[in-house]
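Breakdown of the fold
Each chain, letter by letter, is given below.
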Amino acid sequence: MALKIASRFRRLLQRPGSIDLGPYERLTQLVGEAEESVLSLTDEELTEAVAELRTTGGLHEDEQIEFLALARDAGKRAIGERAFDGQVVGALAMLQGRIVEMATGEGKTLAGAIAAAGYAVGGRKVHVLAVNDYLAKRDAEWMGPVYELLGVTVSYVGQASTPEERREAYQAEVCYVPVNEIGFDVLRDRLVTKVDDRVTVDADVALVDEADSVLIDEARVPMVLAGATRTEALDDDVVQLVRTLRAGVDYEIDGDGRTVALTDRGTDKVEKALSAQPEEPETEESETEAPEAEDSEAEDAEAAEPEAVEQFNLYADENVDRLTQINVALHAEVLLRRDVDYLVRDGKVSLINNNRGRVAKLQRWPDGLQAAVEAKEAVPISDAGEILDSITVQALIKRYQTLCGMTGTAVVVGESLQEVYDVDVAVVPPNKPNVRKDDPDRLYLTVDQKNTALVEHIAEVHETGRPILIGTHSVEESEQLSDRLEAADIPHVVLNAKNDAEEAAIIAEAGVPGTVTVSTQMAGRGTDIRLGGKDETHDKDKALELGGLYVIGTGLHASRRLDDQLRGRAGRQGDPGGTLFFASLADELVTRYSVSSGLRPHPDDTGRLTDRKSVGMLEHAQRVADGANAELHRTTWQYNRLTGQQRAILLDTREKVLTGDLAAEELSERAKERYDELVEEHGEDVVKDAARRIALGHLDRRWTDHLAYLADLREGIHLRSLAGGIVHLKPIDEFNKSAIASFDTLISDAWDDAVETFTTAEISADGLDEEASGIPRPTATWTYLVNDNPFGTEADRILGRLRNAIKPESAAEPEEILPEEFDEDDLPEELRDADDDADEPRDAKDADPEK
């Protein structure tokens, strides 16, 4: 009754997660009644009963009830799991196009499989979008027997899948695929020159697993397909020069931590160093001149007046390439951290996906930054590339006719889901009450004090034998904590991007008594942690007696939702459990997203803070970070909306060229004499194919150039708001205006290029020679990992300006604070405040000048 009242109250307030479960609960009762008639069926009869329900218009309510009764029994027969009422409610909600919130351990995988099969029986094709390869493969294989008993075909796609395997997998009625893989397959299909080379099928139903992670977290990083162009080595002298620059003297980091720029002093230092560098010899002869000639030149130099060395101007037009190298080398040296942003293994730089704590395979940075990081780490430089096409998660998802999904934390982002995807959240209560105990966060003044208390607490809990799962934010942090645990003689296992292959096996045993597991970010998400281990045979009763799994966070995440996900690993299916998070005022979350207001913390002997103002600052920083991430998500969508519309126009023309005779019609009309001559010489089929490939090549070329222009435009568009004087120019409006002007003649220009190429193209009986005709295809492709908001959000920039305004010229690092004699100067520099009269931390809305 209480749940129903709360649900109706939320609906009254139009709050996210307010979908009334009443209709689903009534249908679930009917499913239970219908199940009795299913129990007597043989497996063959059950499969036949499902086949009789098959339709092409979707299952109606009565058909859904019958199907769910069959599916529930199929789960019990095939994998020994009969869906709880809550799982049936979740499946019904997904069949109605909802995002379902179900707690960890409540059986989302089976509920999702039942919903996917229901769509398939109704004549729909379903893509179950997972967050990684492992979960896509695991769930497809795990649920395979259920699908087979229901007569539904199932498959999966992974990074290692070949084009033929992908093509076959997408033909299945239900295909499990990581969101990035389907995104990149869509991008690659947009560049094919033959219809048969496509691998994907029309987008119909998207059932998103870990929906908040895919639809919100992943949406901040557009998927970009790039093609190889050349090797882009970074001069070693630039790398060495950048390493001599000093923070705060030669360069400054913006308050949001996203950008770094040379100071005037740094620019002078760089220009002086570059002025002193000798010019490269022009020929081999100049390197091997006779000693006599060198002596003669030296004597002449001594006799002549010393010639002033011309000062190198870093910002001169002719030195733009060197300026770019300096900038990317500085970015790589200062802002990108090994074992946090990337790993170096097997002689290569591998990016780390910040949302998952895993290696982002086949992903890299654009615009010379990859080469800069490789030069920094002294590994071989890989090929540079150019963007061929890109797609955001929003654009990818909006291709589907129906969206639904499941996750453990959806209500927190319910407004964003409604705003961007027009989908509602349905909260399914747990099958058993949650008895997990969540202790209040423990806040410390410095990082060192926090880490000391953290290790002491882990040791204290470990002595009892209680299983412990520790969540860290990065590979670097997990390894530093591992070193401290080793020094404290605490046996443990580490799970991070360096050993992600063993992820499932490690995390599955985290519930064994005496086990201490250190995990980065949400590594292992999707894997059930059962007390007593995977098979619940390793002292499960002891684990229960000790209070269940104990989850410890080494710091708060930028989103409360991520903290909740980590907490959700404990207290599965009514099991006992506990959670505790440690934090400090010197954590990045606080220093980046909060500005103190007359803060006067009073730590105890261990550095712990309990005063309301300090704790409030921590909570405030997380709220601001949540808001900044929401704005970043919104900004990504705003800047890509027009691009998506332009892409749709281009793709419409491209589709007509690819599947029809549009190219032949255009070129035969514009270059009739050449067209007729080639037809007479090689036949019409050969010429039509050549015309099609030429037209596709130039359409793709023009689109690639347009994307490059938009990328440059986006990087500098925020400066236009400064050029309006009294009139405030909105960057997004200026961006759209320029983007429209650039695209206006794109297709007509592509046809002009195609005609010009067609008149001189190398065409023989074997077809078009693309390389000789000047329209070569990229020899290799890869994906970029890009931040689509390089200058931060408006809130970030305001916070940065506030920090810069109050930051002293020199200050000790947070780790150097001495708590014994504390005053304001002992605060981490980012937390010092020039305003002693202010009372409370400002509200998050104050960061927005529009409010």
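Let us look at the structure shown here. It should be emphasised that the depicted structure is a prediction, and the values quoted were computed from it without experimental measurement. (Residues numbered from 1 in each chain as written. Predicted model: local features only at pLDDT ≥ 70, side-chain atom pairs only at ≥ 80, totals over all residues. Heavy atoms only, no water.)

**Looking at the overall build of the protein**
Across its full length, the protein holds 32 helices and 26 strands. Counting all 851 residues of the protein, 53% fall into the buried class. In the protein, the proportion of contacts linking residues at least 24 apart, taken out of those at least 6 apart, comes to 76%. (Helix = DSSP H or I, 4+ residues; strand = E, 2+ residues; numbered from the N terminus. Buried < 20%, exposed > 50% of the residue type's maximum accessible area, 1.4 Å probe, protein only. Contact = heavy atoms within 4.5 Å.)

**Observations concerning a negative patch on the surface**
A contiguous patch of negative charge on the surface is contributed by Glu44, Glu45, Glu48, Glu52 and Glu66. Its place among the elements puts Glu66 in helix α4 (residues 61-79). (Patch = residues over 30% accessible without salt bridge, like charges linked within 9 Å, V, L, I, M, F, W, Y side chains within 5 Å. Areas by Shrake-Rupley, 256 points an atom, 1.4 Å probe, with all protein chains shown as cover. Salt bridge = Lys/Arg side-chain N within 4 Å of Asp/Glu carboxyl O. Lys, Arg positive; Asp, Glu negative; His and termini not counted. Charge placed at Lys NZ, Arg CZ, Asp CG, Glu CD.)

**Examining the side chain of Asp73**
Examined against the element boundaries, Asp73 turns out to sit in helix α4. For Asp73, a relative accessible area of 4% translates into the label buried. Contact partners of Asp73, with chain neighbours within four places excluded, come to Val38, Leu39 and Leu46.

**Looking at the environment of Ser482**
Secondary-structure assignment places Ser482 in helix α21 (residues 475-487). Excluding residues within four positions of it along the chain, Ser482 makes contact with His492 and Val494. Reaching out from Ser482, the side chain makes a polar contact with the side chain of His492 at a distance of 2.7 Å. (Polar contact = N/O pair within 3.5 Å; in protein donor to acceptor, adjacent residues only side chain to side chain.)

**Here's the deal with the side chain of Glu35**
Position of Glu35 among the secondary structure elements: in helix α2 (residues 22-35). Exposure remark for Glu35: the relative accessible area of 5% places this residue in the buried category. A distance of 3.0 Å separates the side chain of Glu35 from the side chain of Arg82, its partner in a polar contact. Filtering out sequence-adjacent residues up to four positions away, Glu35 remains in contact with Ala69, Arg72 and Arg82.

**Thoughts on the environment of Ala120**
As for its position among the elements, Ala120 is in helix α6 (residues 108-121). Other than its neighbours up to four places away in sequence, Ala120 contacts Arg54, Val126, Val152, Glu173 and Val174.

**Side note on the sheet that holds strand β1 (residues 99-101)**
Taken in spatial order, the 7 strands make up an open sheet running β3-β4-β2-β5-β14-β1-β15, and their pairing is parallel. Every other strand in the sheet has two partners, leaving β3 (154-156) and β15 (425-427) as the edge strands with one partner each. Each strand axis lies, on average, 20° off the axis of its neighbour in the sheet, ignoring direction. As judged from the 3 bridges shared by β1 and strand β14 (residues 402-407), these two strands associate in the parallel manner. Bridge pairing in β14 links Val100 to Met406. (Pairing = 2+ DSSP bridges. Axes fitted to C-alpha atoms, helices over the stretch in contact; angles between N-to-C directions.)

**Focus: the pattern of salt bridges**
In this structure the tally under the stated criterion is 45 salt bridges. The closest approach of N and O atoms between Asp564 and Arg560, which form a salt bridge, is 3.8 Å. With a gap of 4 residues between them, Asp564 and Arg560 both fall in helix α24 (residues 560-567), about one helical turn apart. When its relative accessible area of 24% is taken as the criterion, Asp564 is described as partly exposed. The partner of Asp652 in a salt bridge is Lys656, and the shortest N-O contact between them spans 3.5 Å. Separated by 4 residues within a single helix, Asp652 and Lys656 lie in helix α26 (residues 612-659), roughly one turn from each other. Residue Asp652 is classed as partly exposed on the basis of its relative accessible area of 41%.

**Focus on the pairing of strand β4 (residues 174-178)**
Along β4, 5 of the 5 residues are buried, which leaves the element largely enclosed by surrounding structure. Side chains Val174, Tyr176 and Pro178 project from β4 onto one buried face, and the interleaved Cys175 and Val177 project onto a second face that is buried too. Relative to β4, strand β2 (residues 126-130) runs parallel, the two being bridged by 5 bridges. Opposite Val126, over in β4, you have Val174 as the bridge partner. In the sheet, β3 pairs with β4 via 3 bridges, with the strands oriented parallel. Each residue of the ladder has a partner; that of Val154, found in β4, is Val174. Read as a crossover between parallel neighbours, the route from β3 over helix α9 (residues 163-170) to β4 is right-handed. (Right-handed = clockwise from strand over helix to strand, strands pointing away.)

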